[in-house]
Amino acid sequence: DYMWRFGLVQPCPRFAAALTEMNPQTAKPLVRPFFDHYMSTFQGYTFFLHKFFDDKPNAVSTKNTGSYICREDGREVDIMVHDAERLMDLEKLHKDHIRWVAIEYKTAIVESMTQCTVVSNRPYIKKMNLSADIALWNCWEMFLVGDRGAVAVILMRRQYVPPLLDMVQDCAVLIRCPLARLDGFGDPASGKLWTFDDISDACRLTADSFSPATQTFSVYVPIIKAKLDALLFDEEAYRWLQNNPLLIDKNERRMTPKAIKPARRFLKSIIDMIVKEKSLGQARQSAYEDILNNDMEGDVVHSNPVQMAVDFARKAEGVDGTDDKEDRINAYLKRVARYFAYCVDGGILGMKFGIDNIAEAIPQVGGDSQKKLRAILDFLLHIRETNIRKPWRSVSMMQHLRDPEFLDMEFNAPVMMSLIESLYIKRFFSKGQEAQYVMMLGTLLQAKNANVNLKAFVCRHYLELPDEKTPWAVMLPALMEVVKGGTLFLKTYCSAALVSLTANKEQVKNDLMQKNIAQVITTQLKTSDDDLMYYTLVLMINLTKAIQHRAILVQCGTIPILMTILTSSYDNRFRYRILTQLSAVIGQMCNDEDSRKMFVDGGHVVDCFIFVFRSTNAGTPIKTKVMFALRQLIVNSFDLKAIVGKQVIGDLCSDLQNIDLIEATEDFVRTAFILVKELSKSSDNCFLLDRANLQGCVKRIKEKVKPGTRQGEMERNDETLRIVQATAKPKNFN
């Protein structure tokens, strides 16, 4: 570590110490497995498994393969232990959060099945620490159901692995249950069937008991301190190291870098500068004065905080006497800016003070102080070229953002998010310059060194912009670039932003079509990610309201894809969220007769919708959209009217007789009567409607709702009542 830090060859230090004998009375007791469970070991980790699971041999070994199988019912357990990776490399590998690893697992599992649905996908909290491990565990839980069965997955990231606390290791527990042994899918006569909760609980028990095989953890404090002083950790690591009670020494000193002292001076200088202006409200002024007098008493105030930070970096240990002195200073100054930003934004004072407070104070302070505060934010943001040989230049943030080379520059992403959220950047754009502001946000979406979190934040920020002032034209190029080439997570966020942009904006839809959004939609519909598919379908709902847009989508081959999604998902209750939007899309596509015939002639589309109709509850969004799709499919086809009428009229009238007439079911009742009106054009259906007491349904609706009023159990508009009254005497009824 010395040679790595100083670049000098030195003999390794030698220490002498007497051997000590472990006292059996102080040894940590080994936690025994639960009843009917046993402890297994794999690649340095132990965990509990049910006694029914045996080692599953592979081509190399018969034991310790990490795979286990239950001979009775075919359930399988797989334990995955990935190679450890350096903490500082995770962001470059796009694995800085366990969620990104979970996306890779989800994609692999979904693609291994022809029909697969993600039932749950969320963070998970590990419940046990059986070996008193000092590392941090972050977990993610998923549950998937497909044609091969159910899969429960819990991904676990062991972060800050001893002894250097600079490594992470990802592990996973997967439990697979065959479809034939799954409750609701298998035959009860064949034996015990496992519910989703049973499978999830078994996976959670194994994950909770997952622990390092050793119970003794050494921490190389001198080396960790050296890395801390070199600021080679990220914000989360600084917070964890500082607050971990197991790393507090006998003198109650916390694990903090040497830079904490100048960081405190830096922070106090900022607050002192704001307080001296006396331009804030009385409450805020008193709060800041209390911070200076209590929380930061004894810290020295510097008149120029930025220069103080630069001087601290230039005097760093191990810089003098080296050939690449300036390169080392530039790299260290970048890390100093990031650490100081962490300290300013809650790392020292928590919720009492942050970067947003600086942004809030800038418009209220005088000229010289305002200039210094802006320079401080520019330093913390630290926009610079990626070539470390070139020094950081104290240039205003807006000058950098207008620079065409900004796309290739690097910066502190958490600070950028704080400045956007606090509206600090937006204040640089006067009224009437909304387009320039949105274009700047688009530049961040396209920046090569912007991380996934920042780009997702920008997409969310797009959704929060005032609709009437949003210059959509400058948003589209950046969003389209991410949709075409971003990660799965970013494509989902950008698709959600496009949904918001295309709502009731015909010009936006036309521009998107010109930018070949139809081909992007076709590609995204083929993905196996439910979230991306959901927002893609909602986007299609917005786009398919115009005949010319529907024609373009048909030319791109969307109809066969939509039929494939329907026929592979119609009997899957976990995909009702997808099926709801899919029904609306198919219904709108059927406004064109050629498309309607393609849906009718190309597969069992009508049969699938009838199945979903009869399998869902009255008043639900999916049943409402399915009725809309059925109505669109049977237009201009008396044969289909008769087929559908025989299957749905009885259930439909029963729903109308029994449904609670409340606001939540308003759209359902209205759509139901639109379908009834179309069905009543067939004489056979008229007799079925009479037999199902349609007149009683109409009477019930009329009794509950008065024309033109907003009273009663269900609020109805005049248009709905007109449809109801027209349906009371359908054609050919006599």
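Structure: see above.
Parameters at a glance
- Chains are numbered independently. Their residues run from 1 in the order of the written sequence.
- Totals for whole chains, interfaces and linings use all residues, but because this is a predicted model, local features are given only for residues with pLDDT of at least 70 and pairs of side-chain atoms are given and counted only at 80 or more.
- Side-chain measures here rest on the full set of heavy atoms in the structure, leaving out hydrogens and waters.
- Note on conventions: DSSP H or I runs of at least 4 residues are helices, E runs of at least 2 residues are strands, and numbering of each starts at the N terminus.
- Relative accessibility thresholds used throughout: buried, under 20% of the residue-type maximum; exposed, over 50%; partly exposed, between the two (1.4 Å probe, protein chains only).
- Here, residues are in contact when the closest pair of their heavy atoms is within 4.5 Å.
- Values of accessible area rely on a 1.4 Å probe in the Shrake-Rupley scheme; residue burial ignores everything except the protein chains shown.
- Between N-to-C directions, angles cover 0 to 180 degrees, with each direction set by a line fitted to C-alpha atoms, over the stretch in contact for helices.
- Small angles under 35 degrees read as roughly parallel and large ones over 145 as roughly antiparallel, with 65 to 115 read as roughly perpendicular and the rest as oblique.
- Handedness of a crossing is defined here by the sense of rotation of the near helix relative to the far one, left-handed for an anticlockwise turn of less than a right angle and right-handed for a clockwise turn.
- Each residue gets one of three labels, nonpolar for Ala, Val, Leu, Ile, Met, Phe, Trp, Tyr, Cys and Pro, charged for Asp, Glu, Lys and Arg, and polar for the others, Gly among them.
- The arc in question is traced by the directions running from the helix axis to the C-beta atoms.
- Put plainly, a pocket is an open set of points on a 1 Å grid over the protein atoms alone with protein on both sides within 12 Å along at least five of seven lines, a cavity is a set where a 1.4 Å probe fits but cannot get out, and a lining residue has an atom within 4 Å of a point.
- Grid points are joined across faces, edges and corners, and a volume is the space filled by probe spheres set on the points.
- Two aromatic rings from Phe, Tyr or Trp, using only the six-membered ring of Trp, form a pair when their centres are within 6.5 Å; if the ring planes differ by under 30 degrees the pair is stacked, by over 60 it is edge-to-face, and anything between is tilted.
- Surface patches are defined over residues having more than 30% relative accessible area and no salt bridge, joining like charges when they lie within 9 Å and nonpolar side chains (Val, Leu, Ile, Met, Phe, Trp, Tyr) when within 5 Å.
- Any Lys or Arg side-chain nitrogen located within 4 Å of an Asp or Glu carboxyl oxygen qualifies as a salt bridge.
- We count Lys and Arg on the positive side and Asp and Glu on the negative side, and we leave His and both chain ends out.
- A charge is said to be at NZ when it belongs to Lys, at CZ for Arg, at CG for Asp and at CD for Glu.
- A pair of strands is treated as paired once DSSP finds two or more bridges between them.

**Student:** Where do I start with the overall build of the protein in this structure?
**Tutor:** Helix and strand content of the protein: 31 helices and 11 strands. Looking at the protein as a whole, 51% of its 734 residues are labelled buried. For the protein, the proportion of contacts with a sequence separation of at least 24, taken over those separated by at least 6, is 67%. Surface summary for the protein: the accessible area is close to 35600 Å², and the carbon and sulfur share equals 50%.

**Student:** Got a minute to help me understand helix H19 (residues 517–525) in this structure?
**Tutor:** Residues separated by three or four positions in an α-helix point in the same direction, a consequence of the helix having 3.6 residues per turn. Among the nine residues of H19, seven are classified as buried, and the element is accordingly described as predominantly covered. Within H19 the residues assigned to the buried category are Ile517, Ala518, Val520, Ile521, Thr522, Gln524 and Leu525. On its buried face, H19 is in contact with helix H16 (472–485), helix H17 (488–502), helix H18 (506–514), helix H20 (530–543), helix H21 (547–555) and helix H22 (558–569).

**Student:** Explanation requested: the packing of helix H23 (residues 576–589) against helix H26 (residues 621–634) in the structure shown.
**Tutor:** A pair of packed helices can be characterised by two numbers: the angle between their axes and the separation between those axes. Where H23 contacts H26, the axes come no closer than 8 Å and their chain directions differ by 25 degrees. Taken together, the axis directions place H23 and H26 in an arrangement best described as roughly parallel. Both H23 and H26 take part in a crossing whose hand is left-handed. Between H23 and H26, the contacting residues are Tyr576, Leu579, Thr580, Ser583, Ala584, Gly587 and Gln588 on the first element and Pro621, Ile622, Lys625, Val626, Phe628, Ala629 and Gln632 on the second. Looking at the contact of H23 with H26 residue by residue, the class counts come to eight nonpolar, five polar and one charged.

**Student:** It is not clear to me how helix H24 (residues 593–601) should be interpreted in this structure. Could you clarify?
**Tutor:** All of the buried residues in H24 are Ser595, Arg596 and Phe599. Relative to the axis of H24, the buried residues are bounded by an arc of 100 degrees and lie together on one face. In this structure, H24 carries Asp594 and Asp601 as exposed residues pointing more than 90 degrees from its buried face. Against the buried residues of H24 lie H21, H22, H23, helix H25 (605–615), H26 and helix H27 (638–658).

**Student:** Explanation requested: empty space enclosed by the protein in the structure shown.
**Tutor:** In this approach the atoms are scanned with a rolling probe the size of a water molecule, which exposes any empty space left behind. All chains considered together, the criterion is met by one cavity of 30 Å³ or more. For the largest cavity, the calculated volume is near 30 Å³. Every residue lining the largest cavity is listed: Tyr238, Gln242, Met255, Thr256, Pro257, Tyr339 and Tyr342. Of all the secondary structure elements, the ones that give two or more residues to the lining of the largest cavity are helix H5 (235–243) and helix H9 (325–347). Here the residues of the lining of the largest cavity are counted per class, giving five nonpolar, two polar and no charged.

**Student:** Which parts of the structure should I look at to understand the environment of Gly66?
**Tutor:** Assignment of secondary structure puts Gly66 in the loop between strand E3 (53–55) and strand E4 (67–70). Taking the C-alpha atoms as reference points, Gly66 and Gln43, 23 residues apart in sequence, are found 8.4 Å from one another.

**Student:** Would you mind showing me how to read the packing of aromatic side chains here?
**Tutor:** For any pair of aromatic rings, geometry is given as the distance between the ring centres together with the angle between the planes. One pass over the structure, following the stated rule, counts 24 aromatic pairs. Here the aromatic rings of Phe266 and Phe379 are separated by 6.1 Å at their centres, their planes lie at 50 degrees, and the arrangement is tilted. Of this pair, Phe266 sits in helix H6 (residues 260–277) while Phe379 is found in helix H11 (residues 367–381), placing the two residues 113 residues apart along the sequence. By relative accessible area, which is 0% here, Phe379 ends up buried. Geometrically, the ring pair formed by Tyr570 and Phe611 is edge-to-face, given 5.2 Å between the ring centres and 85 degrees between the ring planes. Of this pair, Tyr570 sits in the loop between H22 and H23 while Phe611 sits in helix H25, and the two are 41 residues apart along the sequence.

**Student:** Got a minute to help me understand a negative patch on the surface in this structure?
**Tutor:** A surface patch of negative charge is lined by Asp345, Asp356, Glu421 and Glu464. Mapping Glu464 onto the fold places it in helix H15 (residues 452–464). When its relative accessible area of 62% is taken as the criterion, Glu464 is described as exposed.

**Student:** Would you mind going over the sheet that holds strand E2 (residues 45–50) with me for this structure?
**Tutor:** Two modes of strand pairing occur in sheets, parallel and antiparallel, and in both the strands are linked by backbone hydrogen bonds. A sheet is described by the order of its strands in space; here three strands give the open sequence E1-E2-E11, paired in antiparallel fashion. Strands with a single pairing partner mark the edges of an open sheet, and in this sheet they are strand E1 (37–42) and strand E11 (211–212).

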